[in-house]
Amino acid sequence: EVDVSVLTDSLQNVTEEQFKSGKIGLFDKDYFICPTEVICETRTGMQDSLDIGLLLDRSGSMTLPIDPLLDTTIRINAIKIAANKFIDSLKTQDKSFLMSFATQVTLDQDWTNNKQLLKNALGQIQAEGWTSLYEAIIKGLDKVRKGTNPVKGLVLLSDGSEQHHPDSTHRKIY
């Protein structure tokens, strides 16, 4: 079993129907909102180790600014900053992997509790290509399910939706 949470800038105007249908995104007034950090809630009284997959969008749109008028931070840079802060928040017994996606989904760092290995892999990610979001989610969930710790999760950082290359009919989504 994998728990799924929705990250937004605010849940105050979200209806239960929107939440259940998955129609929640990081958009405000038609502008993309990039989180500056991803925070795990404090695990008071929880002794279990975590298996957490980090799934990062490295498609071509990630080379664009968050908002050309209000925030010129490049999206891939903002996601890397947020992911680095998240990695720093992991406990020594937690394991994580880093998977990124564009036209292809790649495993950039397999399961490890070594934060430096995760950060090194994160630093190597370059943005280009299309967005294979669905394939990435399927592969990320499959990898998380195979984790050995009792508590599992998948963190997805992306700026958009599925946008396959037009010639992707040959690709198998399982």
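When you look at the packing of helix α2 (residues 75–89) against helix α3 (residues 115–124) in this model, what are you seeing that I'm missing?
What describes two packed helices is the angle between their axes and the distance between those same axes. The contact between α2 and α3 brings their axes to 10 Å, and the two run at 175°. The angle between α2 and α3 falls in the class roughly antiparallel. Contact with α2, carried on its side by K80, A83, N84, I87 and D88, involves K115, L118, K119, L122 and G123 of α3 and no other residues of that element. Split by residue class, the contact of α2 with α3 holds 4 nonpolar, 2 polar and 4 charged.

Honestly, the sheet that holds strand β7 (residues 105–112) in this entry has me stumped. Any pointers?
Within a sheet, adjacent strands bond to each other through the backbone by hydrogen bonds, running parallel or antiparallel. Across the sheet, 4 strands lie side by side as β7-β6-β3-β8; this open sheet has mixed pairing. Here the strands that pair on one side only, and so sit at the sheet edges, are β7 and β8 (151–157). Direction aside, the axes of adjacent strands within the sheet are offset by 15° on average. Here α2 sits on the sheet and contacts β3 (50–57) and β8; the angle it forms with β3, its principal contact strand, is near 170°.

What is the right way to read the confidence of the model for the protein chain from this model?
Looking at the protein chain, the pLDDT average stands at 75 and 65% of residues meet or exceed 70. Per-element confidence in the protein chain ranges from a low mean pLDDT of 42 for strand β1 (residues 27–28) to a high of 98 for α3. A low-confidence stretch, residues 1–16 stays under pLDDT 50, and its non-local contacts, those more than four residues away or across chains, total 17 contacts.

Even after reading the chapter, I still don't get the pairing of strand β6 (residues 95–101), so can you show me in this structure?
Both faces of the sheet carry side chains from a regular strand, because those side chains alternate between them. Burial runs high along β6: 6 of the 7 residues are buried. In this structure, β6 lies alongside β7, joined through 5 bridges in antiparallel fashion. Among the inter-strand pairings, L98 is bridged to a residue of β7, identified as Q109. Hairpin remark: β6 followed by β7, antiparallel, with 3 residues in the connecting loop.

Got a minute to help me understand helix α4 (residues 133–145) in this structure?
Residues three or four positions apart in an α-helix share a direction because the helix packs 3.6 residues into each turn. Taking 1.5 Å per residue as the helical rise, α4 with its 13 residues ought to reach 18 Å, and the 18 Å between its terminal C-alpha atoms agrees with that figure. Taken residue by residue, α4 has L133, E135, A136, G140, K143 and V144 as its buried positions. Looking straight down α4, one finds its buried side chains confined to an arc of 160°; they lie on one side. Turning to α4, the residues buried within the fold contact β3, β6, β7 and β8.

Explain α3 to me, please; I cannot follow it from the model alone.
Along α3, the positions that sit buried rather than exposed are L118, A121 and L122. All buried residues of α3 project into a common sector of 100° when viewed along the axis, lining one side. Of the residues flanking the start of α3, the one acting as N-cap is N114, its side-chain oxygen 2.9 Å from the backbone nitrogen of Q116.

So what exactly am I meant to see when it comes to the nonpolar core here?
Core analysis: the biggest nonpolar cluster contains 20 residues, and L56, L98, L122 and L157 have the highest contact counts within it. Listed by contribution, the elements that provide at least two residues to this core are β3, α2, α3 and β8. Ranked by the residues each element gives to this core, the list is headed by α2, at 6 residues. With 8 residues, the next largest nonpolar core counts F97, M99, F101 and V105 among its residues.

How should the side chain of S158 be read in this particular structure?
With respect to the helices, strands and loops of the structure, S158 is situated in the segment after β8. Overall, S158 belongs to the buried group, its relative accessible area being 16%. At a separation of 2.8 Å, a polar atom in the side chain of S158 contacts the side chain of D57.

The rules we used
Residues numbered from 1 in each chain as written. Predicted model: local features only at pLDDT ≥ 70, side-chain atom pairs only at ≥ 80, totals over all residues. Heavy atoms only, no water. Axes fitted to C-alpha atoms, helices over the stretch in contact; angles between N-to-C directions. Helix = DSSP H or I, 4+ residues; strand = E, 2+ residues; numbered from the N terminus. Parallel < 35°, antiparallel > 145°, perpendicular 65-115°, else oblique. Contact = heavy atoms within 4.5 Å. Nonpolar A, V, L, I, M, F, W, Y, C, P; charged D, E, K, R; others polar. Pairing = 2+ DSSP bridges. pLDDT = per-residue confidence, 0-100. Buried < 20%, exposed > 50% of the residue type's maximum accessible area, 1.4 Å probe, protein only. Expected span 1.5 Å × (residues − 1). Arc of directions from axis to C-beta. Polar contact = N/O pair within 3.5 Å; in protein donor to acceptor, adjacent residues only side chain to side chain. Core = buried A, V, L, I, M, F, W, Y, C linked by side-chain atoms within 4.5 Å.

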